[in-house]
Amino acid sequence: MSIINHPGPEISEAMAAEIAERHFGLKGLKGRLASERDQNFHFGPQGQGAVLKIVNAAEPEDAIRFQVAMIRHVKEADPDLAVPLVRLSKSGEALPVIEDGKGGHHLIRAVDYLEGAPFAEAAKTPELLASFGSFLGRLDRALQSFGHVGAHRDLDWDLRKAGRSRARLAAIHEPEAREICDYFITRFETEIEPRLAKLRASVIHNDANDWNVLVSADGQAIAGLIDFGDALHTALICEMAVAAAYAVLDAEDPLGALSFMLAAYHREMPLQPDEVDLLFDLVAMRLVTSVTISAERAPRIADNPYLNISERPAWDMLRRLRRIDPFIAKAILRQACGFEVAPGAAKAAEWLTRNRKSLSPIWGRPLSNHCILQVPFGDASHPLVKAAAAMDVAACETAWQTLCKAENAELGIGPWGEKRAVYAGEMFQSKLIDKVRRTRHLGLDIFADAGTPVFTPLAGRVASVEIEKEPLGYGCVVLIEHEPEPGVTFSSLWGHLSHETAKHLKNGQMLSAGEKIGTLGSSQDNGGWLPHLHLQLVAYSTDDIGPIPGVGEESYLDVWAKLYPPAYDFAGLTPETFHRDGRPGDEIVALRRKTLLPNLSISFRKPLKMVRGEGVWLIADDGRAYLDCFNNVAHLGHTHPEIVEVIARESSRLNTNTRYLHDNMVDYAEKLGATLPGDLKVASFVCTGSEANDLMLRMARAKTGEKDMVVVDWAYHGHVAELIDISPYKYKRAGGAGRPSHVWEAQLPDTYRAPADWPIEEHGKRFAESVARQVEAIRKAGRKPAAFIAESIPSCAGQIFFPPHYLEEAYRIIREAGGICVADEVQVGFGRVGTHMWAFETQGIVPDVVTMGKPIGNGHPLAALVTTPDIAKAFNNGMEYFNTFGGNPVSCAIGLKVLEIIERDRLRDNAKAIGDYLMARFRDMQKRYEVIGDVRGMGLFLGLDLVTDRTTKAYATDFANRVVNLAREEGVLIGTDGPYDNVVKMRPAMIFTRREADLLCDVLDQAFARASAEA
């Protein structure tokens, strides 16, 4: 017979009083104490009381002696732990033997009576639960060094033997109750028991139920633990399982209560993830063991309050636990211990963050490139939300269209974690927390027209395709498993798709990155919602859509964030989409007017506040990402990670001037010179292109002794006074003082507007004749030219590409007159033209001085001048040249890295390939839009000359301005230039891809179509 079923002792109170006094000197019987299979009697005054235990005759003596030894060990290992001390008898024995008067013999023992209220009657505050967990952790830590032969017992209360409950199922007659027990027993047999045997084992108390645990008078801490009668050697995690089974019985949030206990236990006695993974099922199996034992014994011991007191609460809790997904429970408990909520979840999240730039768009173009409006589902008073809650789709769509029109929005967004008033139905009742609704959205909603196609950003396997027909369900929902690299697996859930989607997708089907998944469903087939996509990441591998919650409880938001992380990176959204910082744009404009120079310009009719750059994108404060096709300073893309790393590393070491020796400066001078032809080997480093050209003027004058400069009309060479004097783009416009007497303008070699009677092959020579005329004018004035300076491709003049042999002829003329020749590569250098590193090389010439800036440092203030030894020698006239910041170690390290990346990543080849592709697309557009008079470009330096008439070539300034602003509305940044601002110019980063080129062309096509229709 099992000890559980063995009759307990039947000692009367009178006899117990006599035994107590005879063996232990105890007096003052106060009454019986409850026990499952022994008898317990309370003696003595408060504070000095004791408990006499009459042990069940079926209890092995080794087990009883083990309990005594266990208590003594605990008091030695952790004296502050409140456990009942064992009292010795008058004869010095811990376990005397008595006769019960019926021929039976029983071991007896006396222990201190611990004061305190039963945990069962205390308010289960987080503080008390944590104290409970901490107490048990200390207890089990103390027991790690304890062993005893009597601890190895065969006891039905040992959770390793919980499978025995199946044999007791016949005693449960109610079908629902039996199904609940069968469910947990089956899980135990198939999933828990095989793993339980492999876990750490130890001696544990094994019965810290709510009547064996005592609470302090203030109800805030555990005052003691009693009744070591079920102690045994078993899996360590069973200690928490047994205690928690009773501690959470009346908890509204059982997993939350358990988490408080578990976290505190873990701090004292660290657990392992495999142990925590079994805890939820072990808690349930302790309750199953309890109710099945009670059911089996009910006919014999209906009056045993110890066994019956927790039966109804146990059944109530089992019903609640049955509704909880064990996987979710395991994640919550892992979180409490600081473990990864699901194996591989952190690795999946890290991979997504690291590789977000390589993902394909889920929409036709990057999601963040659209004008996005947040749908106000968090505002219960909003008409749209009221309509959605009432399932009035027509009213909902009307409210949404009104919002879109007012904000000029293309798409709507519903953020992850948003608290939504619309989740009010019965289906949103929590299974985890009693009387609580699930209100937090666990996906990313994207609102658009029904029929809009969506694409997978990453290759994957279709794990499941289902159609949910219930109101407020998903409609068609697709689950895709992704394994981007070995060891990294996660899934993406796509809800509210059209039923048509399910017709062409099959379970197991493989999808490539960028492949179409399906289309958005209408309200008729998406569960009755406003048309939208519910996109949710699942940070683990599963083929089962059903258990994945799309809406979660607020109190577990930290767990949901790890199991179902926000899909922002996956979808291609920027963090700024939902979090705007700093001053609003209007306020900044006002402050600029008040605190800055008034002649600082602002781009676009509606100014943009940019807060971040990334690759080819500039991100505005509202989170919208704009394709930057205009800013040629970020040559390698905005915030290139390697450049950022160099800046941080070198800045943390040293930043000083050129009067000290440093490797970086000479290494950079050597490598920069190696990219240039001929004798261009002597470098000087400055901070801006203007400084480089200013230094050039000093060198030209030092070399020639002359001051007169020949420049190309509409050229721009810098903002300092001397350079304004040689920049027609500045001195001929508003605020300019006109051409100085020492400056001579050569005709702009604009082949598109060359005289019609000039043979095309003679354009270079004919335009160079203008240079000769300026030289002759200088000669007649009794002087010689100091230098001829030309941008290798004039940018401000309108992206002008010199005709063949123009610079060859112009350089010959200048040099014969005694001047030097300068190539201004500030705008176009460093491989932008694709075929060559330097744009002047396309003309087959070698200048005497090359100035460079803008792209040289990828946004860092760095510029340079490179010249010949002969000119450098002439400049060395006794006056020191010193630039405080020019040539500092940080700047030179950045310059070196830029050169390395251009070469390593074959960015010149990319510039040529993408540039050729863009030119082909632009020429196709030219066939369809009469306003495009000329298409010109080389590599990633491109321009469209817009005219009102192709015959007269009159400047279409207003049209060009309209195209630029329309493109900006569509998320693409371009600009205009030229004497009449009629040339649309584009200078994207060298990392520009075919995908971005297509986006640029598509947006330009739309802009030209709209502008043409308006015109």
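The name given to the protein chain in an unreviewed UniProt entry is Aminotransferase class III-fold pyridoxal phosphate-dependent enzyme, with Taklimakanibacter albus as the source organism.

Colleague: Run through the side chain of H638, naming residues and quoting values.
Modeller: Locating H638 in the fold gives a position in the loop between β26 (625–628) and α18 (641–651). Side chain to side chain, H638 and D628 meet in a polar contact 2.8 Å long. Beyond its immediate chain neighbours, meaning those up to four positions away, H638 contacts G613, E614, G615, W617, L618, D628 and N631.

Colleague: Can you explain the packing of helix α7 (residues 273–297) against helix α10 (residues 326–337)? Please cite residues and give values.
Modeller: Packing of α7 against α10 leaves a shortest axis separation of 8 Å and a crossing angle of 130°. If you check the angle between α7 and α10, you find them oblique. Relative to α10, the crossing made by α7 is right-handed. Two secondary-structure elements touch here, α7 through P273, V276, D277, L279, F280 and D281 and α10 through P326, A329, K330, L333, R334 and C337. By residue class, the composition of the contact of α7 with α10 is eight nonpolar, no polar and four charged.

Colleague: Give me the lowdown on a nonpolar patch on the surface, citing residues and values where you can.
Modeller: Among the surface-exposed residues, L596, L597 and L600 lie close enough to one another that they form a single nonpolar patch of about 300 Å² accessible area. In this structure, L597 sits in the loop between α17 (585–595) and β24 (610–614).

Colleague: Which residues make up the pairing of strand β3 (residues 50–54), and what are the values?
Modeller: In terms of burial, β3 is a largely internal element, five of the five residues being buried. In terms of strand pairing, strand β2 (residues 39–43) meets β3 through five bridges, oriented antiparallel. Bridge pairing in β3 links Q39 to I54. From the end of β2 to the start of β3, which pair antiparallel, there are six residues, and G44 there has a positive phi angle of about 90°. As judged from the five bridges shared by β3 and strand β6 (residues 105–112), these two strands associate in the antiparallel manner. Note on β6: the bridge partner recorded for K53 is R109.

Colleague: Describe the sheet that holds strand β27 (residues 682–686), with residues and values.
Modeller: Spatially, the seven strands line up as an open sheet ordered β27-β33-β32-β31-β30-β28-β29, and their pairing is mixed. Edge positions in the open sheet fall to β27 and β29 (743–746), since each of these has one partner strand only. Neighbour-to-neighbour, the strand axes of this sheet turn through a mean angle of 20°, independent of strand direction. Here four bridges tie strand β28 (residues 708–712) to β29, and the two strands are oriented parallel to one another. From the neighbouring strand, V710 faces β29, where its bridge partner is W744.

Colleague: Account for the packing of aromatic side chains, with residues named and values stated.
Modeller: Within this structure, the stated rule accounts for 26 aromatic pairs. Measuring from centroid to centroid gives 6.4 Å for W351 and F490, while their planes differ by 40°, and the two rings are tilted. Here W351, found in helix α11 (residues 345–355), pairs with F490, found in strand β19 (residues 488–497); they are 139 residues apart in sequence, far enough to count as distant. On the basis of relative accessibility, which here comes to 6%, the residue W351 falls in the buried class. Taking relative accessible area as the criterion, F490 reaches 1% and is therefore assigned buried. Within the aromatic cluster, the residues linked to one another by ring pairs are F327, Y540, Y556, W560 and Y564. Above the plane of the ring of F119 lies K124, whose end atom (NZ or CZ) is 5.0 Å from the centre. In this structure, R739 packs its charged tip against the face of W744, placed 5.4 Å from the ring centre.

What counts, and where the lines are drawn
Residues numbered from 1 in each chain as written. Predicted model: local features only at pLDDT ≥ 70, side-chain atom pairs only at ≥ 80, totals over all residues. Heavy atoms only, no water. Helix = DSSP H or I, 4+ residues; strand = E, 2+ residues; numbered from the N terminus. Polar contact = N/O pair within 3.5 Å; in protein donor to acceptor, adjacent residues only side chain to side chain. Contact = heavy atoms within 4.5 Å. Axes fitted to C-alpha atoms, helices over the stretch in contact; angles between N-to-C directions. Parallel < 35°, antiparallel > 145°, perpendicular 65-115°, else oblique. Left-handed = near helix turned anticlockwise from the far one by under 90°. Nonpolar A, V, L, I, M, F, W, Y, C, P; charged D, E, K, R; others polar. Patch = residues over 30% accessible without salt bridge, like charges linked within 9 Å, V, L, I, M, F, W, Y side chains within 5 Å. Areas by Shrake-Rupley, 256 points an atom, 1.4 Å probe, with all protein chains shown as cover. Salt bridge = Lys/Arg side-chain N within 4 Å of Asp/Glu carboxyl O. Buried < 20%, exposed > 50% of the residue type's maximum accessible area, 1.4 Å probe, protein only. Pairing = 2+ DSSP bridges. Phe/Tyr/Trp six-rings, centres within 6.5 Å; stacked < 30°, edge-to-face > 60°. Lys NZ or Arg CZ within 6 Å of the ring centre and 35° of its normal.

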